[in-house]
Amino acid sequence: MTIPRRSFVALLARVAFTLALAVSAARAERLPLAENLVDLRSAQGREWLLEADAREAYWPLAAEFVSQTNGAFCGVATLVMVLNSLEVAAAGVDAASFTQENVFSDRTEAIVRRDSILQRGMTLDELGALFASFGLSARAVHAAASSLEEFRALAVDHLSRKRRHVVVNYLRSALGQQRGGHISPLAAYDGKTDRFLVLDVARYKYPPVWIAAAELYAAMNTIDAGNDGRSRGFVLVGGEALGSSE
């Protein structure tokens, strides 16, 4: 169902206001954006969201938007956002939804230990395996084994469908940000500008930003020394089985 433009603008304004309140306390610590990145909150950024070709992921993610609780938990925060946006039952925990504390269990510890994540973050393959451990489809794609064209096509397809998400693992410095590897979900794609909207989970550092597809792919096509020298990349997540990790 297509949301009328007037209603969409009003809804967008309410969501933007909510997000602004959530980050106001940390705004003084925000780092300046490189010229190639466009803040979602800017007039241009809002206009691109209104005209986006694919934005099904935006609303469920915006409703569950969280900031990572420490410098190593970008993958954990992203995992929590996606699980809650897909309404995955938080079975076995004393809460109605997942948090960055209760998301850990014996099942996740068997894939990657929480202590290990605190020390070094997580790799693309570990992230894909974590999503799969919650009964979701999760296809981890290394950028070096893909291409810009394939990434764009797969990401746009997912962002155009309900209960589908795309999570990107990229090198911040390749985009003029500080500084190492990072993980966050995509929320939309604007075909006119060929840009993806990244809902950055380090909200105390950067706002949600629009990134050119070619630049985002190049930032993913970088070596992650902590993953046996393999490249970073993206994870295609679905609410039901679509395939296995690769």
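The structure under discussion appears in the preceding block.
Note that the coordinates shown come from a computational prediction; the quantities given were computed from them, not determined experimentally.

Caption draft 1: Region of interest: the sheet that holds strand β2 (residues 137-142). The strand order across the open sheet built from 7 strands is β1-β6-β5-β4-β3-β9-β2, with neighbouring strands paired in antiparallel fashion. Each edge of the sheet is formed by a strand with only one pairing partner; in this case those strands are β1 (38-39) and β2. Where β2 and strand β9 (residues 233-238) come together, 6 bridges link them in antiparallel fashion. Looking across to β9, one finds that Ala 138 is bridged to Val 237.

Caption draft 2: Local environment of the packing of aromatic side chains. Under the definition given, this model contains 7 aromatic pairs. Taking 5.0 Å as the distance between ring centres and 55° as the angle between the ring planes, the aromatic pair formed by Phe 151 and Phe 234 counts as tilted. In this pair, Phe 151 sits in helix α8 (residues 148-159) while Phe 234 sits in strand β9, placing the two residues 83 residues apart along the sequence. For the pair shown, Phe 151 and Phe 234 are each scored as buried. Ring centres of Tyr 189 and Phe 196 lie 4.7 Å apart, and the angle between their planes is 45°; this geometry places the pair in the tilted category. Accessibility classification places Tyr 189 together with Phe 196 in one group, the buried group. Three or more aromatic residues link up through ring pairs in this structure, and these residues are Phe 151, Tyr 189, Phe 196 and Phe 234. Here the basic side chain of Arg 107 rests over the ring of Phe 134, its NZ or CZ set 4.6 Å away from the ring centre. The ring of Phe 65 carries Arg 203 above its face, with NZ or CZ at 4.8 Å from the centroid.

Caption draft 3: Molecular detail of the pattern of salt bridges. What the rule picks out here adds up to 10 salt bridges. Lys 162 is the salt-bridge partner of Glu 56, the closest N and O atoms lying 3.2 Å from each other. In this pair, Glu 56 is assigned in the loop between α2 (43-51) and α3 (58-63) and Lys 162 in the loop between α8 and β3 (164-171), connecting sequence segments 106 residues apart. Across the pair Arg 120 and Glu 126 runs a salt bridge whose closest N-O atoms are separated by 2.6 Å. In this structure Arg 120 comes out as partly exposed when scored by relative accessible area, which is 44%.

Basis of the calculations
Residues numbered from 1 in each chain as written. Predicted model: local features only at pLDDT ≥ 70, side-chain atom pairs only at ≥ 80, totals over all residues. Heavy atoms only, no water. Pairing = 2+ DSSP bridges. Helix = DSSP H or I, 4+ residues; strand = E, 2+ residues; numbered from the N terminus. Phe/Tyr/Trp six-rings, centres within 6.5 Å; stacked < 30°, edge-to-face > 60°. Buried < 20%, exposed > 50% of the residue type's maximum accessible area, 1.4 Å probe, protein only. Lys NZ or Arg CZ within 6 Å of the ring centre and 35° of its normal. Salt bridge = Lys/Arg side-chain N within 4 Å of Asp/Glu carboxyl O.

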